[in-house]
Structure formats: C-alpha cells, structure tokens
Amino acid sequence: MPRIAKGAIPSPNIWNAPQIYELENRAVDPEGAADEAMRALRPWKGATVLDIGCGTGFHLPALASEAAQVIGVEPHGDLAALAVRRCAALANVAVHAAAAQDLPLPDASVDVAVARWAYFFGPGCEPGLRELNRVVRRGGAAFVLDLDATRGAFGRWFSRTVPTYSVREVESFWDRQGWQRRPLDLRMAFERRADLEAVLRIEFTPEVAEQAIAETPGLELPYPNVLRWRYY
Ligand SMILES: C[S@@+](CC[C@H](N)C(=O)[O-])C[C@H]1O[C@@H](n2cnc3c(N)ncnc32)[C@H](O)[C@@H]1O
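The residue numbering used here restarts from 1 in each chain and proceeds along that chain's sequence as written. Confidence filtering applies because this is a predicted model: local features only for residues at pLDDT of at least 70, side-chain atom pairs given and counted only at 80 or more, and all residues used for totals across whole chains, interfaces and linings. Hydrogens are left out, water is left out, and the side-chain values use all remaining heavy atoms of the structure.

## Thoughts on the pattern of salt bridges
Next up, step 1: Salt bridges are identified by distance alone: a Lys or Arg side-chain nitrogen within 4 Å of an Asp or Glu carboxyl oxygen. Enumeration according to the criterion identifies 20 salt bridges in this entry.
Next up, step 2: Among the salt bridges present, the one from R151 reaches D148, with a minimum N-O distance of 2.9 Å.
Next up, step 3: The buried label applies to any residue whose accessible area, calculated with a 1.4 Å probe on protein chains only, is under 20% of its type's maximum; exposed applies above 50%, and partly exposed to all values in between. A relative accessible area of 23% places R151 in the partly exposed class.
Next up, step 4: Residue class for D148 comes out buried when judged on its relative accessible area of 3%.
Next up, step 5: In this structure, the salt-bridge partner of R201 is E210, at a minimum N-O distance of 2.9 Å.
Next up, step 6: Given the relative accessible area of 42%, R201 is considered partly exposed.
Next up, step 7: When salt bridges that share partners are traced, they join D148, R151, E171, R181, D185 and R228 into one network.

See the structure below:
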C-alpha cells in the first residue's frame, strides 16, 4: 500500500492508472490556454510557485522554466516519488508528500499557488483555504482550475459518473469564499484514438465511458473548465 497523507481525497484516475493519466496530461490544453489565463492574472516570472496536488509532477518543469522556485505538494507517496524523479535534474524544484490541509511550508513563502483538476478544493476545503491564507504572501494569488460540470458533453458524462456532485453547492461555496471565476474552453487533442479511449475509460464509469467513446469521433474533444482565483 502506498503511503497517503491524511486529508487526501481519492483520485481513481491518476491513483489507479498514472500511465494513462500521463496521456491525458499530454493531451489537455495543447495551446497552454490555462497557463496563459493564470499568468495574465498574476505573472510568475521569478516568483515562488506552489503546485498543490501535483500528481506525478507533469506541470512542474514548465513552471520551473519561468519561476525562480517551484514546490510540488502531493499526498499520494508513489505519485510524489514520480514527481521527484521527473524533476531530479531541476535544481529549483522541490516536491513534498503532503496534503493541501497541512502544507509543509513557512508562512508567507509563496507568490502563486496553483491547483489543477483539484476537486479537493470545493465545499469542505476550508482547512486548505486557511493554509493558502497562511503560505501565500501579500500580493500573491491562488488559482484553482477544474472541470466545469455545467457545460458540454464532458460535464454531462462527469455528472452521470459522480451523481453526488452538486454544481449549485460548489458555486455557492466559492461565492461565499469571495473567489472570482471565469470559464475556460479547453480541449484534449490525442495522437492516437486508443489513447483517447483509454483516457475516457479512466475518467468515467464503464457504461458512461462507452457512451462518451461512441459520442466522440476522431482524436479531439472539448474540455470545458472553470478557473477560480483570489488575490492576497
Ligand atoms: C486529478 S489529479 C491532478 C494532478 C495534477 N494536478 C495534474 O494536473 O496532473 C488530482 C490530484 O490531487 C491529489 N489530492 C487529493 N486530495 C488532495 C489534498 N487533500 N491535497 C492535495 N492534493 C490532493 C491527488 O492525489 C491527485 O494526485
């Protein structure tokens, strides 16, 4: 059994199938629209950037090419180890096995915090938000990027897979926290049809995945997201 930090919320896609999740990482947002949207709101050149729930660290090298310092935090011990291996040659990257609720970082030590596909930031994540408040410096910003379950076929497939997910509850939670939001129309683009099908099979229940595959011709699919943020 891998060591998993307290407070982690299971993430079956990457926990059970990290190699297929890697294909998903490569396929998502080939234009880099998400990074561009975040950078426009709070640039991170020369900054200290924290990636919360960094998984296998797919996004750490790109962050490290611009930021002065990058810290990845991931509660699943095996995934954190893969992130360490991915970034072994990057002197400005550190990875910690920890959860959002208990960040192993000093107060006021981060300029930009990013959490991608971060379902663990939603109703009930107040302890994680308190940690952001503690570690992000004044003048900094935090971003939470996630699937927008209100839009498109992807949102419909997700809602059928996770029927307990309440869009209304999620939106009113973030409103109460005073975070801003904007929709982001991302896409996934694959090189091989087999990769697209494998990714849909790790994202949805078997029945929903087969429907998603039948409804998705070719090598691409829209991936409607929502970007949330606040300044500190
Ligand atoms: C869908 S994956 C996204 C991984 C990565 N952000 C990426 O873009 O490839 C969600 C990640 O959040 C991690 N996670 C789950 N609960 C968490 C928590 N409480 N704090 C921080 N990370 C968490 C999971 O272990 C998983 O690696």
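Following the structure, the description resumes.
## Structural notes on the packing of aromatic side chains
Next up, step 1: Geometry of aromatic contacts follows a simple scheme: Phe, Tyr and Trp rings, the Trp one being its six-membered ring, pair when their centres are within 6.5 Å, and the pair is stacked under 30 degrees between planes, edge-to-face over 60, tilted otherwise. Counting across every chain of the model gives 10 aromatic pairs.
Next up, step 2: In textbook terms, an aromatic cluster arises when at least three aromatic residues are bridged by ring pairs, as seen for W117, F154, W157, F204 and Y223.
Next up, step 3: In this structure, R230 is placed above the aromatic ring of Y232, and the distance from its NZ or CZ to the ring centre is 3.9 Å. By the criterion adopted, a ring carries a charge over it if an Arg CZ or a Lys NZ lies within 6 Å of its centre and within 35 degrees of its normal.

## With respect to the UniProt feature "domain: Methyltransferase type" (unreviewed entry) in the protein
Next up, step 1: UniProt positions are given in the numbering used here, feature names are shortened, and annotations may be inferred rather than shown by experiment. Taking the numbering used here, the UniProt-annotated feature "domain: Methyltransferase type" (unreviewed entry) corresponds to residues 50–143.
Next up, step 2: Structurally, residues 50–143 comprises 27% helix and 29% strand, and the distance from its first C-alpha atom to its last is 10 Å. Helix numbering and strand numbering both begin at the N terminus, where a helix is a DSSP run of H or I of at least 4 residues and a strand a DSSP run of E of at least 2.

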